[in-house]
Amino acid sequence: MRDVTTAQARQDLDVQPTPLALLLLGREADTRSERGVECPGDLPSPSDPDLVERARAAKEKLGGKVFVLGHHYQRDEVIQFADVTGDSFKLARDAAARPDAEYIVFCGVHFMAESADILTADDQKVVLPDLAAGCSMADMATAEQVAECWDVLTDAGIAEGVVPVSYMNSSADIKAFTGRHGGTICTSSNAARALEWAFEQGEKVLFLPDQHLGRNTAVRDLGMSLEDCVLYNPHKPNGGLTTEELRNAKMILWRGHCSVHGRFSLDSVDDVRERVPGVNVLVHPECRHEVVSAADHVGSTEYIIKMLEEAPAGSKWAIGTELNLVRRLANRFAADDKEIVFLDKTVCFCSTMNRIDLPHLVWTLESLADGKEINRIQVDKETADLAQLALERMLALP
């Protein structure tokens, strides 16, 4: 009996893979789902060590044609092949600064690859090793829901005075909406300045899609009260708000959150202070307001790394952010006698980030090395132009 490949056999039988099968294989995406909410209990085991040599060989074969970006939340076995590491916006800008690279392999999640495609040249190809690597937060605000929200604001007679501010952790469609309506994008590092700018342009802000970053920035950095903020729930008529509530609010917060940072609680803070006397609690501003209020320090991923770099030897830290990064920092600074622990006793990592594993990266690099273009992320021109307008407003902030 002659040997046939799986692809040949499928063709002979005229059997097509289902959307679910393609999703599980990482060759399709379901943008309607809310991904990343699971907490499996522990990090996946490392992949077959033989894959390390295969990844190295494929990357070497590609040479300068490929530029690999690694987000801070990626697992170590992937991050070792990154040419640069950073947060989502830094990586997108790093990609734009490498116009000679034909392929940008983004080891992150879908919205990050979209941003890289928007900011890079038209002849560069952005590739996501697993198309199912999404973001639960970004999935919580769809273009249709946000358009409906704007209709609600229009009916309430306040839309003209509302300026949208969208977190970098949003889809290209939401960034385009923001650009169309005169708003700006923000990161966790410059959210305060973005809000200040927005209030110079209008009377109210519609903050998308992370309620916690919006609330924390408005209250902690701009001195607003919690009563100045209302929560718009896209799953309820009129967002679950009355016209009076919308008119009285300064901050209209979208009901979205990070599924990892949202798990940290006030009990987590109290517990770690009891377990580790003298500990410094350092959290990301995507955490709940009560967690941020109870922490000693609050800042972006880059801020967290810098704070630990400058911390004195012998200091103790409990970090409220993604587990892969916390473990990497704990290992990095162990020699400096800095004790670094995860804020919560429950092990929880970003499951969608962890979809970018070594097998997917090897498949991607070997495919590109063989001249096969896979999993390319392309944002249509109209959406990209409007999204870039919003991004450029952010870049113009002093």
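Scroll up to find the structure.
Residues numbered from 1 in each chain as written. Predicted model: local features only at pLDDT ≥ 70, side-chain atom pairs only at ≥ 80, totals over all residues. Heavy atoms only, no water.

### Some words on the sheet that holds strand β1 (residues 66-71)
Across the sheet, which stays open at both edges, the 5 strands sit in the order β2-β1-β3-β4-β14 with mixed pairing between neighbours. Looking at the sheet topology across the chains shown, the edges are occupied by β2 (84-86) and β14 (376-377). Pairing analysis gives 2 bridges linking strand β4 (residues 125-127) to β14, with the strands arranged antiparallel. Bridging from a neighbouring strand, Val 126 pairs with Ile 377 of β14. (Pairing = 2+ DSSP bridges. Helix = DSSP H or I, 4+ residues; strand = E, 2+ residues; numbered from the N terminus.)

### Quick look at empty space enclosed by the protein
For the structure shown, the criterion picks out 1 cavity of 30 Å³ or more. Taken together, 31 residues form the lining of the largest cavity, with His 71, Tyr 73, Met 112, Asn 169 and Glu 286 sitting closest to its centre. Looking at the lining of the largest cavity, the elements with two or more residues in it are α5 (88-96), α6 (110-119) and α7 (136-139). For the lining of the largest cavity, the per-class residue count stands at 13 nonpolar, 14 polar and 4 charged. (1 Å grid on protein atoms, 1.4 Å probe; cavity = no way out; pocket = protein on both sides within 12 Å on 5 of 7 lines; lining within 4 Å. Points joined across faces, edges and corners; volume = space filled by probe spheres on them. Nonpolar A, V, L, I, M, F, W, Y, C, P; charged D, E, K, R; others polar.)

### Focus: α5
In an α-helix, one turn spans 3.6 residues; hence positions three or four apart end up facing the same way. For α5, every residue scored as buried is listed here: Ser 88, Phe 89, Leu 91, Ala 92 and Ala 95. Each buried residue of α5 sits inside an arc of 160° when the element is viewed along its axis, so together they form one side. Buried positions along α5 lie against β1, β2, β3 (103-107), α6 and α18 (381-395). (Buried < 20%, exposed > 50% of the residue type's maximum accessible area, 1.4 Å probe, protein only. Arc of directions from axis to C-beta. Contact = heavy atoms within 4.5 Å.)

### Observations regarding helix α15 (residues 301-310)
Among the residues making up α15, those that are buried are Thr 301, Ile 304, Ile 305, Met 307 and Leu 308. Seen from one end, α15 has its buried residues packed into an arc of 160°, which puts them on one side. Buried residues in α15 make contact with β10 (280-283), β11 (297-298), β12 (316-320), α16 (323-333) and β13 (339-342).

### Digging into the sheet that holds β10
As summarised here, the arrangement of the 4 strands in space is β11-β10-β12-β13, forming an open sheet in which the pairing is parallel. Either end of the sheet is taken by a strand with one partner, and the two such strands are β11 and β13. Bridge analysis of β10 against β12 gives 4 bridges, and the strand direction is parallel. Counted as the bridge partner of Val 283 is Gly 320 from β12. Here α15 sits on the sheet in contact with β10, β11, β12 and β13, set at roughly 155° to β10. (Axes fitted to C-alpha atoms, helices over the stretch in contact; angles between N-to-C directions.)

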